[in-house]
Amino acid sequence: MAAATERRTKKETVEKVKEDLTAHIHETRCHPILIRLAWHDAGSYDKNKTEWPWRGGANGSVRFYPEISHAANAGLEGGVNLLKCISDKYEDITYADIFQLASAIAVKDAGGPSIPLRLGRKDAPGPESEQPEGNLPAGGAPWPNGEPGPGDHLRKIFYRMGMNDQEIVALSGAHTLGRAFPNRSGFGKDSTKYTKDGPGTKDGTKGGSSWTPEWLKFDNSYYKNAKEQHDSDLLVLETDDVLFRDDGFRPYAEKYAADQDAFFADYAKAHAKLSELGVDWNPEPFPVTV
Ligand code: HEM
C-alpha cells in the first residue's frame with residue numbers, strides 16, 4: 001500500500017463517518033476483527049521509545065506492509081479492506097482514527113460499554129515506523145522472549161505499553177467477541193457447535209473457535225467460561241487460563257466474572273487508554289460520543 005497523503009480528522013466529518021461505520025458494522029457483523037485491528041495497531045506501542053511514530057501505537061501503521069504481514073496480524077488485512085469503503089469515501093479522517101472509531105462502535109453495537117474515545121490522531125506516513133515482531137502477545141508456549149509462563153509473558157508485553165495487571169485482565173475480556181482460526185493464529189478448531197452455522201460474518205469467514213457461545217455479543221461471559229472451562233467447544237488460551245491462576249490477575253478476573261457492570265466500567269477505561277497509546281494529535285484531541 002502506498003504511503004498516504006497527509007490527512008487530518010475534521011470534527012464536522014465525524015458524525016457522518018460514525019453513521020456510515022455503524023451501518024457497515026451492523027450489516028457485515030465484522031465487529032470482532034475490527035476490534036482486533038484497532039488493538040493490534042495500538043498494541044505495538046513501546047513506552048521506552050519517545051519519537052513519534054517510531055514509538056508505535058495507534059498511528060494507523062498496521063495498514064502498511066510489512067507490519068500487516070507480521071504473524072500476529074494474520075487475517076487483519078481483511079479488517080483494513082473492510083474499512084476501505086470508509087477510508088476511500090472520507091479523506092477528512094485519518095486511518096488511525098477510523099480504526100479506533102470502528103472498534104469503539106463495534107464494542108457498543110455488540111452490547112458493550114460506551115468508550116470515552118477521542119479523535120484527532122495523526123497517521124504514520126509510511127511503513128518506516130514498523131515495530132519489531134513480538135510486540136503483541138502470543139496465546140501459548142513457546143513464549144517468544146523466553147518467559148517462563150503466560151503470566152510473565154502478558155506482563156512483559158503489556159507493561160511495555162504502560163498497562164497494569166487490572167488493565168490486562170479487563171482488556172482480555174474483549175475475547176467475549178470473535179473467534180480464533182487454525183489457519184490464522186494456529187489456535188482453535190476448524191469449527192465448533194457455536195461457529196459451524198452462524199451467526200456468521202459477511203467477510204467470508206466461517207468456523208473457528210469462539211471464547212463464548214454468543215460471540216457477537218459483548219458481555220462478561222468470557223470470564224465465566226475461562227473460569228469454569230466446562231465446554232470443550234469453547235476456547236481457553238493459556239493467556240486466558242492464567243487470569244484465574246495468577247495471584248495478581250485473579251481478583252480482577254473473579255470480579256469481572258461476578259459483576260458485568262464492573263467489567264464494563266473498567267473495560268471502557270482500559271480500551272480508551274489503549275486507543276491513545278503512542279498517539280500524536282493534530283492539532284488537539286476532541287471527544288466523540290460512541
Ligand atoms: C491478552 C493477550 C491476548 C492474546 C494472547 C490474544 C490472542 C488472540 C488470538 C490468538 C486470537 C485469534 C486470532 C485468529 O486466529 O484470527 C485473538 C482474537 C481476537 N482478539 Fe485477542 N489476544 C489478546 C488480547 C486482546 C485484546 C487486548 C483485545 C482487544 C481489546 C483482543 C481482541 C480480540 C478479538 C476481538 C479477537 C477476535 C477476532 C476475530 O474474530 O476475527 N485481544 N486474540
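Every chain is numbered independently, its residues counted from 1 as its sequence is written. Only residues with pLDDT of at least 70 get local features here, since the model is predicted, and only at 80 or more are side-chain atom pairs given and counted; chain-wide, interface and lining totals rely on the full set of residues. To obtain the side-chain values, all non-hydrogen atoms of the structure were used and water was disregarded.

1. Overview of the site of the ligand
Turning to step 1, where the next piece is worked out: Near the ligand you find 25 residues, and of these W39, H175, R179, F181 and S185 are the closest.
Turning to step 2, where the next piece is worked out: F181 is positioned with one of its backbone polar atoms (N or O) 2.8 Å from an oxygen atom of the ligand.
Turning to step 3, where the next piece is worked out: Side-chain atoms alone can form a polar contact between residues adjacent in sequence; in general such a contact is a pair of N or O atoms within 3.5 Å, and within protein one must be able to donate a hydrogen while the other accepts it. Here an oxygen atom of the ligand and a side-chain polar atom of S185 are 2.6 Å apart.
Turning to step 4, where the next piece is worked out: The secondary structure listing takes helices from DSSP runs of H or I that are at least 4 residues long and strands from runs of E that are at least 2 residues long, numbered from the N terminus. Every element with two or more residues in the shell around the ligand is listed here: α2 (31-42), α6 (150-160), α7 (165-172) and β2 (179-180).
Turning to step 5, where the next piece is worked out: Counting residues per element, the shell around the ligand draws most heavily on α2, which supplies four residues.
Turning to step 6, where the next piece is worked out: Residues of the shell around the ligand, tallied by class, amount to 16 nonpolar, six polar and three charged.
Turning to step 7, where the next piece is worked out: Boundaries of every domain are those given by an automatic assignment or by a domain database. Lining the shell around the ligand are residues from two domains, each supplying at least three of them: domain 1 (11-134 + 271-288) and domain 2 (150-268). Nearness here has a simple test: a residue counts as near a molecule or strand if at least one of its heavy atoms is within 4 Å of that partner. Each residue is assigned to one of three groups, with Ala, Val, Leu, Ile, Met, Phe, Trp, Tyr, Cys and Pro labelled nonpolar, Asp, Glu, Lys and Arg labelled charged, and all others, Gly among them, labelled polar.

2. Quick word on the nonpolar core
Looking at soluble globular proteins, one finds that nonpolar side chains tend to be buried together.
Turning to step 1, where the next piece is worked out: Within the largest apolar cluster, 75 residues are counted, with the highest numbers of intra-cluster contacts made by L101, F158, L243 and Y267.
Turning to step 2, where the next piece is worked out: Residue assignment places this core across two domains, with domain 1 (11-134 + 271-288) and domain 2 (150-268) each supplying three or more.
Turning to step 3, where the next piece is worked out: In this description, contact between two residues means that some pair of their heavy atoms is separated by no more than 4.5 Å. Aside from chain neighbours lying at most four places away, what touches L101 is V17, K18, L21, I93, L117, L119 and V290. Put simply, a nonpolar core is a bunch of buried Ala, Val, Leu, Ile, Met, Phe, Trp, Tyr and Cys residues held in one set by side-chain atoms that sit within 4.5 Å of each other. For the exposure calls, accessible area comes from a 1.4 Å probe over protein chains only, and a residue counts as buried if that area is under 20% of its type's maximum, exposed if over 50%, partly exposed in between.

3. A short note on the packing of aromatic side chains
Turning to step 1, where the next piece is worked out: Two aromatic rings from Phe, Tyr or Trp, using only the six-membered ring of Trp, form a pair when their centres are within 6.5 Å; if the ring planes differ by under 30 degrees the pair is stacked, by over 60 it is edge-to-face, and anything between is tilted. In this structure the tally under the stated criterion is eleven aromatic pairs.
Turning to step 2, where the next piece is worked out: Arranged with centres 5.5 Å apart and planes meeting at 5°, the rings of W39 and F158 form a pair that is stacked. Of this pair, W39 sits in helix α2 while F158 sits in helix α6, and the two are 119 residues apart along the sequence.
Turning to step 3, where the next piece is worked out: When its relative accessible area of 18% is taken as the criterion, W39 is described as buried.
Turning to step 4, where the next piece is worked out: Between Y223 and F263, the ring centres sit 5.0 Å apart and the planes meet at 75°, which makes this aromatic pair edge-to-face. Taken together, the positions of Y223 in helix α8 (residues 221-228) and F263 in helix α11 (residues 260-275) put the pair 40 residues apart, joining distant regions of the chain.
Turning to step 5, where the next piece is worked out: Residue class for Y223 comes out buried when judged on its relative accessible area of 0%.
Turning to step 6, where the next piece is worked out: The ring of Y95 has R63 lying over it, and the distance from NZ or CZ to the ring centre is 4.3 Å.
Turning to step 7, where the next piece is worked out: In this arrangement the basic side chain of R184 is found over the ring face of F181, its NZ or CZ atom lying 4.6 Å from the centre. When the NZ atom of lysine or the CZ atom of arginine is within 6 Å of a ring's centre and also within 35 degrees of its normal, the charge is said to sit over that ring.

4. Remarks on the packing of α8 against helix α10 (residues 250-258)
Turning to step 1, where the next piece is worked out: Note on geometry: axes are C-alpha line fits, over the in-contact stretch for helices, and angles between N-to-C directions span 0 to 180 degrees. Their axes nearest at 7 Å, the elements α8 and α10 cross at an angle of 120°. Judged on the interaxial angle alone, α10 and α8 are oblique. In this structure, α8 meets α10 at a crossing whose hand is left-handed. Here α8 contributes Y223, K224 and K227 to the contact with α10, which in turn contributes A253, E254, Y256 and A257. By definition in this entry, angles of less than 35 degrees are roughly parallel, angles greater than 145 are roughly antiparallel, angles of 65 to 115 are roughly perpendicular, and the rest are oblique. Take the far helix as the reference: if the near one is turned anticlockwise from it by less than a right angle, the crossing is left-handed, and if turned clockwise, right-handed.

5. Some remarks on the environment of A170
Turning to step 1, where the next piece is worked out: Within the secondary structure, A170 sits in helix α7.
Turning to step 2, where the next piece is worked out: With 94 residues separating them along the chain, A170 and F264 place their C-alpha atoms 8.5 Å apart.

6. Quick notes on the pattern of salt bridges
Turning to step 1, where the next piece is worked out: Salt bridges are counted wherever a side-chain nitrogen of Lys or Arg sits within 4 Å of a carboxyl oxygen of Asp or Glu. Counted under the stated rule, the structure contains 18 salt bridges.
Turning to step 2, where the next piece is worked out: The salt bridge involving D165 is made with R155; its shortest N-O contact spans 3.1 Å. In this pair, D165 is assigned in helix α7 and R155 in helix α6, connecting sequence segments ten residues apart.
Turning to step 3, where the next piece is worked out: We classify D165 as buried; its relative accessible area is 16%.
Turning to step 4, where the next piece is worked out: The buried category is assigned to R155, whose relative accessible area is 17%.
Turning to step 5, where the next piece is worked out: Among the charged side chains, a salt-bridge network with shared partners connects R155, D165 and D246.

7. Some thoughts on the pairing of strand β1 (residues 117-121)
Turning to step 1, where the next piece is worked out: Along β1, four of the five residues are buried, which leaves the element largely enclosed by surrounding structure.
Turning to step 2, where the next piece is worked out: The pairing of β1 with strand β4 (residues 281-288) spans four bridges and is classified as antiparallel. Within the sheet, the bridge partner assigned to R121 lies in β4 and is W281. In this analysis, strands are considered paired if DSSP registers two or more bridges between them.

8. Some remarks on the domain arrangement of the protein chain
Turning to step 1, where the next piece is worked out: As assigned here, the protein chain comprises domain 1 (11-134 + 271-288) and domain 2 (150-268).
Turning to step 2, where the next piece is worked out: Just the C-alpha atoms count here: the centres of domain 1 and domain 2 sit 21 Å apart.
Turning to step 3, where the next piece is worked out: Counting residues at the interface gives 32 residues for domain 1 and 24 residues for domain 2.
Turning to step 4, where the next piece is worked out: A simple way to read buried area is as the amount of 1.4 Å-probe accessible surface that goes missing from two parts once joined, with both sides added. Interface of domain 1 and domain 2: buried area, both sides summed, is about 2300 Å²; carbon and sulfur atoms make up 62% of it.
Turning to step 5, where the next piece is worked out: When the area that domain 1 buries against domain 2 is broken down by residue, the three leading residues are R29, P113 and K273, summing to 22%.
Turning to step 6, where the next piece is worked out: Counting across the domain 1 and domain 2 interface gives one salt bridge.
Turning to step 7, where the next piece is worked out: As a salt-bridge pair, E167 and K273 come within 3.1 Å of each other at their nearest N and O atoms.
Turning to step 8, where the next piece is worked out: The interface formed by domain 1 and domain 2 includes nine residue pairs in polar contact (both at pLDDT 80 or more).
Turning to step 9, where the next piece is worked out: Contributing elements (two or more residues each) for the side of domain 1 that touches domain 2: α1 (11-28), α2 and α11.
Turning to step 10, where the next piece is worked out: In terms of residue count, α2 provides more of the side of domain 1 that touches domain 2 than any other element does, five residues in total.

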